[in-house]
Amino acid sequence: PLPTQKDRVDLSRIINELLESFRERFPAISFQSNLESIQVLGEKALMKKAFHNLFLNSVQALEESKLKSEKIVEITMERPTGSIVVVRISDNGPGMDSRTLSRIFTPFITTRAHGTGLGLAVVQKIISTMGGSIEVWSEPGKGFSSKVAFPAEPTPSTSAYSRPGAEADESR
């Protein structure tokens, strides 16, 4: 079982640290990012593991592809509502068919010769433990995209308790 201790975590810092490492290890791949500094409630080590696995999935797909153009992994982060933060990771790798995509979170299912089939199953478990969700899209020849959504740490503008008298409003 995964720990459920949740702390304030700067998600953009976790992702930027991972990106720095991936850029050094995989210089032939262009990692493009647009990240806001957003706090979420979660377990830092587990979140780092989940995003590491998602980045590695993209890198491995790109390395195995015969793509002649620039190999790209794009990461964006936004807070579409006050209570949710969304991270999107997309690559321009070979993609996958709908049958493969439908089994992507099943443990021990892999398309790689030396894969364990655990990477994305672990990602899904970590994200759900942190109160989040993950969605994936792919088509052959069109790359792979994932959307991870987490509860965001309340900010003064999104917390009912940030203004005087809010407690009285809540009790009515």
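Model, not experiment: these values are computed from the prediction. (Residues numbered from 1 in each chain as written. Predicted model: local features only at pLDDT ≥ 70, side-chain atom pairs only at ≥ 80, totals over all residues. Heavy atoms only, no water.)

1. Considering the packing of helix H1 (residues 11–25) against helix H2 (residues 44–64)
- Where H1 meets H2, the closest approach of the two axes is 10 Å, and the angle between their N-to-C directions is 40°. With respect to H2, the element H1 is oriented oblique. Crossing hand, H1 versus H2: right-handed. Only Lys44, Met47, Lys48, Phe51, His52, Phe55, Leu56 and Val59 of H2 make contact with H1, whose side of the interface consists of Leu11, Ile14, Ile15, Glu17, Leu18, Leu19, Phe22 and Arg25. (Axes fitted to C-alpha atoms, helices over the stretch in contact; angles between N-to-C directions. Helix = DSSP H or I, 4+ residues; strand = E, 2+ residues; numbered from the N terminus. Parallel < 35°, antiparallel > 145°, perpendicular 65-115°, else oblique. Left-handed = near helix turned anticlockwise from the far one by under 90°. Contact = heavy atoms within 4.5 Å.)

2. Focus: the nonpolar core
- Grouped together as the largest cluster of nonpolar side chains are 41 residues, with contacts concentrated most on Leu11, Phe51, Phe55 and Phe150.
- Among the elements of the structure, H1, strand E2 (29–34), H2, strand E4 (71–81), strand E5 (84–91), helix H4 (119–129), strand E6 (133–138) and strand E7 (144–151) are those that each provide at least two residues to this core.
- The biggest single contributor to this core is H2, with eight residues.
- If we skip the residues at most four places from it in the chain, Phe150 touches Leu11, Val40, Met47, Phe51, Ser83, Ile84, Val85, Ile127, Met130 and Gly132. (Core = buried A, V, L, I, M, F, W, Y, C linked by side-chain atoms within 4.5 Å. Buried < 20%, exposed > 50% of the residue type's maximum accessible area, 1.4 Å probe, protein only.)

3. Details of H4
- Considered for burial, the residues of H4 that qualify are Leu120, Ala121, Val123, Ile126, Ile127 and Thr129.
- Summarising the contacts, the buried residues of H4 are in contact with H2, E6 and E7.
- Gly131 sits one or two positions beyond H4 and adopts a positive phi of about 85°.

4. A short note on the pattern of salt bridges
- Under the criterion given, the structure shown has four salt bridges.
- Two residues, Lys48 and Glu17, come together in a salt bridge whose shortest N-O distance is 3.8 Å. With Lys48 in helix H2 and Glu17 in helix H1, this pair connects stretches of sequence that are 31 residues apart.
- A relative accessible area of 34% means that Lys48 is categorised as partly exposed.
- A salt bridge links Lys142 to Glu139; its shortest N-O distance comes to 3.8 Å. (Salt bridge = Lys/Arg side-chain N within 4 Å of Asp/Glu carboxyl O.)

The quantities given are spatial measurements derived from coordinates; they are silent on function.
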